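Structural overview
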Amino acid sequence: ETVIATNYLELTTAQLQRLAGALERCFVFAHEFNSHIALRVYLWKAGFMSQVPNLLRQEMTGLLALLRVRFWLLLDAHRDRSSAALVREELFSLCFDVLDSFATACDANAAGVPRAHAGADANTDAAAPHAELPALVPIIVFIVERLAQLDCDELAAQWPRLFPLLLALCAADDFPAVRRAAAALLRERLQPILPRAALRAPSVMRL
């Protein structure tokens, strides 16, 4: 990433697109391998590794690099704005998938619900409850901080999907960095006064 950032201004939009494609393939390969718990446990039991193998570092590094390049293309006002159109749909889809998966896993983790994977041994890290969550924290924070940089029109267009996810992230008690990032976006980008039309009546009257 340091090499890319250093040479960013010399890279054309087409080159950045090809780079994003390569990063996406790396991320998808690592993600699919990590999701195939039965295969990982089989490799471990067959003696190929001293512990259950994983590509968690490759998955997280690839995902963060992919997001960084796509956000560059979306947010860089000095580039032809057609570059933003090229990445907008895929970028937001990926961001919301990652945020939703993290929030769902946090809820399951808080409820003590283990990951259910066929072939996982209770004594292996593959059976650990959502062990990937700490590794995802820097990525979740990065996504939220970049979404906070969207212009008003772009943010408004994404708000119906983003708002419930931000509320869920604010409830991620085990990850204060995520809660701070979500709270900062809400604090910095929302007006303190809402029009009446934006408010709903309380569902239950409590005395």
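Here goes a summary of the coordinates provided. (Residues numbered from 1 in each chain as written. Predicted model: local features only at pLDDT ≥ 70, side-chain atom pairs only at ≥ 80, totals over all residues. Heavy atoms only, no water.)

1. Some thoughts on the pattern of salt bridges
We apply this condition: One speaks of a salt bridge when a side-chain nitrogen belonging to Lys or Arg is within 4 Å of a carboxyl oxygen belonging to Asp or Glu.
One pass over the full model with this rule turns up five salt bridges. Its salt-bridge partner being R179, residue D173 comes within 3.6 Å of it at the nearest N-O pair.

2. A look at the nonpolar core
What counts, and what does not: Think of a nonpolar core as a cluster: buried Ala, Val, Leu, Ile, Met, Phe, Trp, Tyr and Cys residues, connected wherever their side-chain atoms sit within 4.5 Å. For the exposure calls, accessible area comes from a 1.4 Å probe over protein chains only, and a residue counts as buried if that area is under 20% of its type's maximum, exposed if over 50%, partly exposed in between. Per the convention used, a helix needs a DSSP run of H or I reaching at least four residues, while a strand needs a run of E reaching at least two, with both numbered from the N terminus. Only heavy atoms matter for contacts: two residues are in contact if any of them lie within 4.5 Å across the pair.
L67, L99, F102, I139, I140, L147 and L162 are the most contacted members of the largest nonpolar core, which has 52 residues in total. Those elements that provide at least two residues to this core are α2 (13-35), α4 (56-75), α5 (82-110), α6 (133-147), α7 (152-170) and α8 (176-189). In terms of residue count, α5 provides more of this core than any other element does, twelve residues in total. With near-sequence residues (within four places) excluded, L162 lies in contact with F96, L99, L147, L155 and L185.

3. Digging into the side chain of E59
Which entries qualify depends on this criterion: Counted charges follow a simple rule, with Lys and Arg positive, Asp and Glu negative, and His plus the chain ends left uncounted. Polar contact is defined as a pair of N or O atoms within 3.5 Å, subject to the rule that within protein one atom must be able to donate a hydrogen and the other to accept it, and that residues adjacent in sequence are counted only when both atoms are side-chain atoms.
Along the chain, E59 turns up in helix α4. Despite being buried, E59 has no salt bridge partner; R40 is the closest side chain of opposite charge, sitting 7.7 Å away. Side chain to side chain, E59 and H31 meet in a polar contact 2.7 Å long.

4. What about the environment of L67?
Looking at where L67 falls in the secondary structure, it is placed in helix α4. With a relative accessible area of 0%, L67 lands in the buried category. Contact partners of L67, with chain neighbours within four places excluded, come to L91, L94, C95, I139, F142 and I143.

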